[in-house]
Amino acid sequence: MKRFSTSLFASKILLTKNQSRNLTKVIGLIPSDGIGKEVVPAAVEVLNAAIAKSGKDLKLEYIPLEAGWETFLKYKTSLPTETVETLKNKCDGAIFGSVQSPSQRVEGYSSPIVALRNKLDLYANLRPCQDLSKGIDMMIVRENTECLYVKREKLIDDPEKGKVAIAERIISEKASKRIARVAFKLALQRRKKVTIVHKSNVLSVSDGLFRESCLEVAKEFPTVQVEEQLVDSMVYKMNLDPTQYDVVVAPNLYGDILSDGAAAFVGGLGVTASANVGDHFALVEPVHGSAPDIAGKGIANPIATIRACSMLLRNLQEKDANANFLSGIAESMDNAVTKVLKQKEVCTPDLGGKGNTKTIVEAVIKNL
């Protein structure tokens, strides 16, 4: 297994999770395709600097792993078994870059990030949408393992309609209640309001089950305000006034669409992060794609990945009582990013600046 030995990633890799010392965490790095190879190392540089500046006794050790379209072209699989097993058995968390999935059907290819969510049971996708200067502070909680993303599709020939594509949509009570509890527990730490998004007026069986399951869980949290929104109405009202929402919970497809749309309120996909979370593991990632048009030019925006790393630190703290200082380091990273976003001279072109990946990294580290 390949290991980083440059100054950026210099660390002795632990062999098993159980061998970790209390203040040592092993992180899987999956840059994947396109600008993922640039933004992940950039974010790790900031992460290492934030830990060093904190003066805390924490050591992060990194294992490089493969996944994505380029991996598929090499090995005929987008997600090697070694990657999955390493994450399961040797890592405390992971950072994913960006994947370049073909728009047309390619025999044998499937999205590695969707597969990782299922294989690691990362059932909750957390997508913060925050710009406090505008009064926006929304957390979209997306069910991560079901809905149309189970990819059970088939193509049949109909004598009258010609080719007909059919996709199965899976909504289970277990998954719906599980994601609802994540949303309500988050709401207890925030403004104590949950919006349940569905389309049960049309999809009365599948979305009906999601709605009923969420409302059943709501009874366990009597101090949390609950409201419902049909997904089309939610898009309209969210665009009119995103400040009215706190925690939003939705099935996989709706959550995907809503969270990408909400990114427009806070600067776009280039500054928006997400965390794929299970009971014992988190894989964080930027929301943006692989951006092949700018890959290798040194102008990729690392902000979303830096923010993803701060989400990873907070998750690691939740899982380890001995790491109760990690949220402080995460906050220092978030605060530095907020300051740098106002410095257009160092920002990348997508943010209206004339800087590059390196200038953003240097500026964030300076402002830690």
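None of these values were measured; they are calculated from a predicted model.

1. Focus on the overall build of the chain
In step 1: The helix and strand inventory of the chain stands at 11 helices and 12 strands.
In step 2: A compact globule built from 368 residues would reach a C-alpha radius of gyration of about 21 Å, and the chain, at 21 Å, matches this within 12%.
In step 3: Within the chain, contacts between residues separated by at least 24 positions form 72% of all contacts whose residues are at least 6 apart in sequence.
In step 4: Carbon and sulfur atoms make up 51% of the accessible area of the chain, which totals about 17000 Å².
In step 5: Across the chain, the mean location of the 49 positive side-chain charges is 4 Å away from that of the 43 negative side-chain charges.

2. What to know about the environment of Asp-131
In step 1: Following the sequence through the fold, Asp-131 ends up in strand S4 (residues 124-131).
In step 2: With 207 residues separating them along the chain, Asp-131 and Thr-338 place their C-alpha atoms 9.4 Å apart.
In step 3: Apart from residues lying up to four places away in sequence, Asp-131 is in contact with Ile-136 and Val-266.

3. Some details on the packing of helix H7 (residues 231-240) against helix H8 (residues 252-262)
In step 1: Two elements in contact, H7 and H8, have axes separated by 11 Å at closest approach and are oriented at 10°. Looking at the two axes, H7 sits roughly parallel to H8. For the pair formed by H7 and H8, the contact residues are Val-231, Met-234, Val-235 and Met-238 on the first element and Tyr-254, Leu-258 and Ala-262 on the second.
In step 2: By residue class, the composition of the contact of H7 with H8 is seven nonpolar, no polar and no charged.

4. Describing unusual backbone geometry
In step 1: Phi is positive for Asp-121, close to 55°, though the residue is something other than glycine.
In step 2: Mapped onto the elements, Asp-121 comes out in the loop between helix H4 (112-119) and S4.
In step 3: Judged by relative accessible area, which is 33%, Asp-121 ranks as partly exposed.
In step 4: Residue Lys-192 is not a glycine yet carries a positive backbone phi of 60°.
In step 5: Inspection of the secondary structure puts Lys-192 in the loop between helix H5 (173-188) and strand S8 (193-198).

5. A word on helix H11 (residues 357-366)
In step 1: Buried residues of H11: Thr-357, Ile-360, Val-361, Ala-363, Val-364 and Ile-365, and no others.
In step 2: In this structure, the buried residues of H11 make contact with helix H1 (36-54), helix H9 (303-319) and helix H10 (326-340).
In step 3: If you check the start of H11, you find a side-chain oxygen 3.0 Å away from the backbone N of Lys-358, and it comes from Asn-356.

6. A closer look at the confidence of the model for the chain
In step 1: Counting all residues, the mean pLDDT for the chain is 92, and 94% of those residues have values of 70 or more.
In step 2: Contacts for the low-pLDDT stretch residues 1-21, under 50 throughout, to residues beyond four places or in other chains number 44 contacts.

7. Concerning the sheet that holds strand S12 (residues 282-286)
In step 1: Sheet architecture is open: 10 strands sit in the order S2-S1-S3-S12-S11-S4-S5-S10-S8-S9, paired in mixed fashion. Each end of this open sheet is capped by a strand with a single partner; those strands are strand S2 (59-64) and strand S9 (225-230). With direction set aside, neighbouring strand axes in the sheet form an average angle of 25°.
In step 2: Across three bridges, the pairing between S8 and strand S10 (residues 247-250) is parallel. Within the sheet, the bridge partner assigned to Val-194 lies in S10 and is Val-247.
In step 3: Most of the contacts of H4 go to S12, to which it runs at about 160°, and overall it touches strand S1 (24-32), strand S3 (93-98), S4, strand S5 (136-143), strand S11 (273-277) and S12.

Basis of the calculations
Per chain, residue numbering runs from 1 following the sequence as it is written. For this predicted model, a pLDDT threshold of at least 70 governs which residues receive local features, and a threshold of 80 or more governs which side-chain atom pairs are given and counted, while totals over whole chains, interfaces and linings are taken from all residues. To obtain the side-chain values, all non-hydrogen atoms of the structure were included, while hydrogens and water were left out. Secondary structure elements are defined from DSSP: runs of H or I of at least 4 residues count as helices, runs of E of at least 2 residues count as strands, and each element is numbered from the N terminus. Taken over C-alpha atoms, the radius of gyration is set against a globule rule of 2.2 Å times the number of residues to the power 0.38. Contacts are assigned to residue pairs that have any heavy atoms within 4.5 Å of one another. Computed with the Shrake-Rupley method and a 1.4 Å probe, the accessible areas treat only the protein chains shown as cover for residues. Under this rule, positive means Lys or Arg and negative means Asp or Glu; His and the chain ends count for nothing. Charge positions are represented by NZ for Lys, CZ for Arg, CG for Asp and CD for Glu. Every angle, taken between N-to-C directions, lies between 0 and 180 degrees, and every axis is a line fitted to C-alpha atoms, over only the stretch in contact when it is a helix. Our angle categories are set so that under 35 degrees counts as roughly parallel, over 145 as roughly antiparallel, 65 to 115 as roughly perpendicular, and the remainder as oblique. Amino acids outside the nonpolar list (Ala, Val, Leu, Ile, Met, Phe, Trp, Tyr, Cys, Pro) and the charged list (Asp, Glu, Lys, Arg) are all regarded as polar, and Gly is one of them. To sort residues, take the accessible area from a 1.4 Å probe on protein chains only and compare it with the maximum for the residue type: under 20% means buried, over 50% means exposed, and anything in between is partly exposed. Pairs of N or O atoms are called polar contacts if they sit within 3.5 Å, as long as, within protein, a hydrogen donor faces a hydrogen acceptor (for residues adjacent in sequence, only side-chain-to-side-chain pairs). Confidence scores labelled pLDDT are given residue by residue by the predictor and lie between 0 and 100. At least two bridges found by DSSP between two strands are what make those strands a pair.

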